[in-house]
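# Per-entry structural report
If you want the building blocks of each chain, they are given just below.
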Amino acid sequence: MNMELKKKIEVSRKKVQKFVKKPENKKYLVLAVVLTAVFVIYKKYGNGKKAASGTGTNNGSTGTTTFPDNSANADGALGSYKKVVAGREYSYSRTPELELEFNEDGTISDITPGLSFDGISNRIGNKRIYYMLGYSVFQNANNSYNQFRNVFLPDGIYTIRQFVCDENVVPNLAAFKQKLTGWNNGVNMTNSRLSEVFLAIKTLNATGNSVVPRWLKVSRHLVFPSVVPQKDWAAYNKFFCIVYQNQGSSAEDYQKFGINTDLDYNVQAAQPKTWNTVRKGDPSIQDNNWYYQQGRSWIEKSGVSKRFVLTDQYPEDAQNTDPDIDTKMYHFYKGALDRISEVHGPTNKKNTGLYGSYGIDDFSKLIVADHLKFDRQTFEQSLTSHVHKVYDPASSSWAGDASYYATGAINVRNVNHSFYMYNNIEMIPYRIIYVNERIKVGTKTYQGQDRESNILGFGWAKAQSLVTPFGIGIEYASTGEIIPFPGGEIKSVQNLEIPMPWEENFTCGFWCTLIFSGLGMWNAPGSRFGKDASKLHWWTDQQVQWKKNGGNWEPYVSGQNGAPVNDSSGLMHRLWAPPTDAAYAGSDAVWKIRDRIQVLEHVSYTSSKGNFTAVPGTSGLHLNGFGSLNKNLFVIKDAYDGQKGVALRGSGQGGKVLIYYNGFLSPHEYEDNVIMDGVNLGRVYGRQTVIRTI
């Protein structure tokens, strides 16, 4: 760099810093940070040389620089990377294997070292390469293989997932799609490995119609508390629950944004805006009265609040040792509801946060989301003649009433639907609409009585292996993450649960809040994200390495050879913050249309990909739970089987809104002229939720 120019920049930088120190000039702090960053970058890279290892890479894109996004800057990102190319800003993570290039034309390419194409797929040596974006297979519109070269993605968030597979197990794309769940010698850790890059794209002039907010960044601590408006879901009887928080934040810091935080066992005062997933911790067998008293006790801890969200994992703790656990859980929630009614007067469980054991309503087959994939007759039976029954896929037959009905749980609690996901093709809005129909029709008609139940989605920030033998799922074959630190980089390889694809959590947060009563994001009590970018927070059973700038990878030892100190105040070793941020962002997007969704109904639409006609049920096109009982409403099956989008119209005292999502197009594909209710939504990309107020 020219020394005279360098001196001038240094003088200017000091003047800016001196100016901003004055109290009346604090509003210019962001400008000072930007100017300082410009100086540092120019000083380091202004001579045109490539960045040193561990401080950034050029990746061959002319005039662009990658640098660690590792300071508490205006966008709040920590422990990630950022690059600006041709007016597009990329916030992203890095992996030890998968490498991406952000091209000058706004596209993205896989440039993993050793990558080649043989006419069937990309490969590295004798391994074949396949891709997913979130939980959708990345392929061409005609279902053929796409090399992930020069791919355009609109503004939004993505999890780019690269699978490196044994050729003899996964010889082509068709085999990958057939085997991707991992079962029966499918794509799992015995034959494949997985690299994932979390990516947020923001263009000065936004591309696409997605409602994904521009504040979402790849970060190792939660961003959302500082960038969204305060809110209270109580008047709408909806919830958003989390356990994760940033260190140094209080429960009230989150509750003012409409969040139920994890109940703090150490606080004796009432905690009405909290939630808890109660556990017993051992498989001991207790009687009905013990469970009844426990239910009363837990609701008491909240201050007997109807806004306290109570869930549990008692059936899991029982470990199949108690054949009467379902009946006992009725007594648990009866105890809680009785105590609420004693304080607030007779109370309908619908007006409480009593939502049941996580996973139990799926495990007991009250909910079988896969019914969407079943034949037409079985699907229709699940919403009509057998809406209260349990389906046995092994015998392709229906059995007795689901335990939710048979035990009387319908009288004392609402329904809990699990979103614990693993490698699969997920169609979340379709699934949510189907589950809503089954539960609403079932609970409004059981034994000829209307005992309508609400539904809570139950998820978390992690993806786990559900493939047996336990622990062989592809989630346990992650290549890990590269984390920037002052003086070098950390390579963290997790051998347990990996972060959930965050675009799926955004979709889950939006649609669970829109159609269900909300979403609970579980995690271990007291989970916190540190914010000290000079330190690392890791668990000693993980594989962690350190590479000093200009050096080689070596075993990580806290504080040794320039390595960051291991401390709980440091940056988390895996990216569990972005899926949490994304889920909340989805819920927050519904807040913006909250007075336009008192009624939701299916609508017909046309687009460049074809037309779809919504066929009404016995009472019209409104979803059940958003009007009178509407039997024989099968629109979602028609859309699913026809590989069409979900098109809804909402209305309320605030006006109307159109909502659209097409899960059958990959995120890089689009359809033009999507017209609903005479309104042209324009170009809509695959797997992105679009809303238009009218």
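Reading guide: rules and limits
Per chain, residues are indexed from 1 in the order of the written sequence. In keeping with the model being predicted, local features are shown solely for residues with a pLDDT of at least 70 and side-chain atom pairs are shown and tallied solely at 80 or more, while totals for entire chains, interfaces and linings include all residues. Just so you know, side-chain values use all the structure's heavy atoms and leave hydrogens and water out. Comment: elements are numbered from the N terminus, with helices defined as DSSP H or I runs of at least four residues and strands as E runs of at least two. All accessible areas in this document rest on Shrake-Rupley with a 1.4 Å probe, and a residue is counted as covered only by the protein chains that are shown. Any two strands between which DSSP finds at least two bridges are classified as paired. Only protein chains enter the accessibility calculation, which uses a 1.4 Å probe; a residue is then buried when its area is under 20% of its type maximum, exposed when over 50%, and partly exposed in between. N or O atoms closer than or at 3.5 Å make up a polar contact, with two conditions inside protein: a donor-capable atom paired with an acceptor-capable one, and, for residues adjacent in sequence, both atoms drawn from side chains. Contacts: residue pairs with any heavy atoms within 4.5 Å of one another. Here a pair means two rings of Phe, Tyr or Trp (six-membered ring of Trp) with centres within 6.5 Å. Their orientation is stacked below 30 degrees between planes, edge-to-face above 60, and tilted elsewhere. Definition used: whenever NZ (Lys) or CZ (Arg) falls within 6 Å of the ring centre and also within 35 degrees of the ring normal, the charge is taken to sit over that ring. The rule for a salt bridge is simple: a side-chain nitrogen of Lys or Arg has to be within 4 Å of a carboxyl oxygen of Asp or Glu. Axis lines are fitted through C-alpha atoms, for helices just across the contact stretch, and the angle between N-to-C directions can take any value from 0 to 180 degrees. A helix is expected to span 1.5 Å for every residue after the first. Confidence of the prediction at every residue is given by pLDDT, a number between 0 and 100. Angle categories are assigned with fixed cut-offs, so that under 35 degrees is roughly parallel, over 145 is roughly antiparallel, 65 to 115 is roughly perpendicular, and the rest are oblique. Three categories are distinguished: nonpolar for Ala, Val, Leu, Ile, Met, Phe, Trp, Tyr, Cys and Pro, charged for Asp, Glu, Lys and Arg, and polar for the others, with Gly belonging to the last. The handedness of a crossover follows from its direction of travel: if, with the strands pointing away from the viewer, the path from the first strand over the helix to the second runs clockwise, the crossover is right-handed.

## Here's the deal with the overall build of the protein
Scanning the protein from N- to C-terminus turns up 14 helices and 42 strands. Per element, the accessible surface of the protein, about 26,800 Å² overall, is 50% carbon and sulfur.

## Structural notes on the sheet that holds strand β28 (residues 532-537)
Taken together, the 3 strands give an open sheet; going across it, the order is β31-β28-β32, and neighbouring strands pair in parallel fashion. Unpaired on one side and paired on the other, β31 (565-566) and β32 (570-572) mark the two borders of the sheet. Direction of pairing for β28 relative to β32: parallel, over a ladder of 3 bridges. Its bridge partner lying in β32, Asp 532 is registered against Gly 570.

## Considering the side chain of Lys 231
When you line up the elements, Lys 231 lands in the loop between β11 (192-203) and β12 (239-242). What makes Lys 231 buried here is its relative accessible area of 7%. There is a polar contact of 2.9 Å between the side chain of Lys 231 and the backbone oxygen of Pro 229. Only 2.9 Å separates the side chain of Lys 231 from the side chain of Tyr 584, close enough to count as a polar contact. Setting aside its immediate chain neighbours within four residues, Lys 231 contacts Gln 255, Lys 256, Phe 257, Gly 258, Tyr 584, Asp 588 and Trp 591.

## Looking at the packing of aromatic side chains
With the rule as written, the count across this model stands at 48 aromatic pairs. Pairing Phe 138 with Phe 148 gives two aromatic rings, centres 4.8 Å apart and planes at 50 degrees, and the pair type is tilted. Remark: Phe 148 occurs in the loop between β9 (136-137) and β10 (156-166) and Phe 138 occurs in the loop between β9 and β10; sequence separation between them is 10 residues. No difference in accessibility class separates Phe 138 from Phe 148, as the two residues are buried. Looking at Lys 301, its charged tip hangs above the ring of Trp 298, at a distance of 5.1 Å from the centre. Cation over ring: Lys 462 sits above Trp 576, and NZ or CZ is 4.1 Å from the ring centre.

## Description of the pattern of salt bridges
Throughout the structure, instances matching the rule amount to 38 salt bridges. Of the charged contacts in the structure, one is a salt bridge between Glu 89 and Lys 217, with a shortest N-O distance of 1.9 Å. Pair noted here: Glu 89 is in strand β3 (residues 88-92) and Lys 217 is in the loop between β11 and β12, with a separation of 128 residues, a long-range link. On the basis of relative accessibility, which here comes to 17%, the residue Glu 89 falls in the buried class. On the basis of relative accessibility, which here comes to 3%, the residue Lys 217 falls in the buried class. Ionic pairing is found between Lys 637 and Asp 641, a salt bridge with its closest N-O pair at 3.2 Å. Here Lys 637 pairs with Asp 641, and both are found in helix α14 (residues 635-641), just 4 residues apart, close to one helical turn.

## Remarks on the environment of Ser 396
Position of Ser 396 among the secondary structure elements: in the loop between β18 (389-392) and β19 (397-401). You can call Ser 396 exposed: its relative accessible area is 54%.

## Re the sheet that holds strand β42 (residues 690-693)
Pairing is antiparallel in the open sheet, where 4 strands are placed in the order β33-β36-β37-β42. Of all strands in the sheet, those bounded by a partner on one side alone are β33 (599-602) and β42. Within the sheet, the average angular offset between the axes of one strand and its neighbour, ignoring direction, is 20 degrees. Across 4 bridges, β33 lies against strand β36 (residues 646-652) in antiparallel orientation. Bridge assignment links Leu 600 to a residue of β36, and that residue is Gly 650.

## What to know about helix α11 (residues 428-445)
Look at α11: 26 Å from first C-alpha to last across 18 residues, which is about the 26 Å you get at 1.5 Å a residue. With 18 of 18 residues buried, α11 is to be regarded as a mostly interior element.

## What to know about the environment of Val 679
Relative to the helices and strands, Val 679 resides in strand β40 (residues 679-680). Val 679 sits 13 residues away from Arg 692 along the chain, and the two C-alpha atoms are 8.8 Å apart. Beyond its immediate chain neighbours, meaning those up to four positions away, Val 679 contacts Leu 658, Val 674, Arg 692 and Ile 694.

## Notes on helix α9 (residues 376-383)
Thr 378, Phe 379, Gln 381, Ser 382 and Leu 383 are the residues of α9 that are buried. Tucked into the core, α9 has its buried residues touching β18, β19, α11 and α14. Capping of α9 at its N-terminal end is provided by Asp 375; its side-chain oxygen lies 3.1 Å from the backbone amide nitrogen of Gln 377.

## Remarks on the confidence of the model for the protein
Detailed reading of the predicted coordinates is not advisable wherever pLDDT is low. Looking at the protein, pLDDT values average 89 and 88% of them are 70 or higher. Of the regions scoring below 50 in pLDDT, residues 1-67 engages in 74 contacts with residues more than four places distant in sequence or in other chains. A low-confidence stretch, residues 70-74 stays under pLDDT 50, and its non-local contacts, those more than four residues away or across chains, total 13 contacts.

## Section: the pairing of strand β29 (residues 543-548)
Residues in a regular strand point their side chains to alternate faces of the sheet. In this structure, strand β24 (residues 488-493) lies alongside β29, joined through 6 bridges in antiparallel fashion. Bridging across to β29, Ile 490 finds its partner in Trp 546. Pairing of β29 with strand β30 (residues 553-555), which is carried by 3 bridges, proceeds in the antiparallel orientation. The residue of β30 that forms the bridge with Gln 545 is Pro 555. Counting the residues between successive antiparallel strands, the hairpin from β29 to β30 contains 4 residues, one of them, Gly 550, with a positive phi of roughly 80 degrees.

## With respect to the packing of α9 against α11
Following both chains from N to C, one finds α9 and α11 inclined at 45 degrees, their axes separated by 8 Å at the closest point. One finds that α9 runs oblique with respect to α11. Only Tyr 434, Glu 437, Arg 438 and Val 441 of α11 make contact with α9, whose side of the interface consists of Phe 379, Ser 382 and Leu 383. Tallied by class, the residues present in the contact of α9 with α11 amount to 4 nonpolar, 1 polar and 2 charged.

## Description of the pairing of strand β21 (residues 455-460)
For β21, the tally of buried residues reaches 6 of 6 residues, placing the bulk of the element in the interior. Across the two faces of β21 the burial is the same, with Ile 455, Gly 457 and Gly 459 and Leu 456, Phe 458 and Trp 460 all buried. As paired elements, strand β20 (residues 415-418) and β21 share 4 bridges and run parallel to each other. In the strand pairing of β21, Val 415 is matched with Ile 455. Note on the crossover from β20 through α11 to β21: the handedness is right-handed. Bridge count for β21 against strand β26 (residues 518-522) is 4 bridges, and the pairing is parallel. Bridging from a neighbouring strand, Trp 460 pairs with Trp 522 of β26.

## Looking at the side chain of Asn 188
Checked against the element boundaries, Asn 188 lands in the loop between α3 (173-179) and β11. Apart from the residues within four sequence positions on either side, Asn 188 is in contact with Gly 182, Ile 472, Gly 473 and Ile 474.

## Concerning unusual backbone geometry
A positive phi is found at Asn 320, a non-glycine position, where the angle reads about 65 degrees. Along the chain, Asn 320 turns up in the loop between α6 (314-318) and α7 (325-344).

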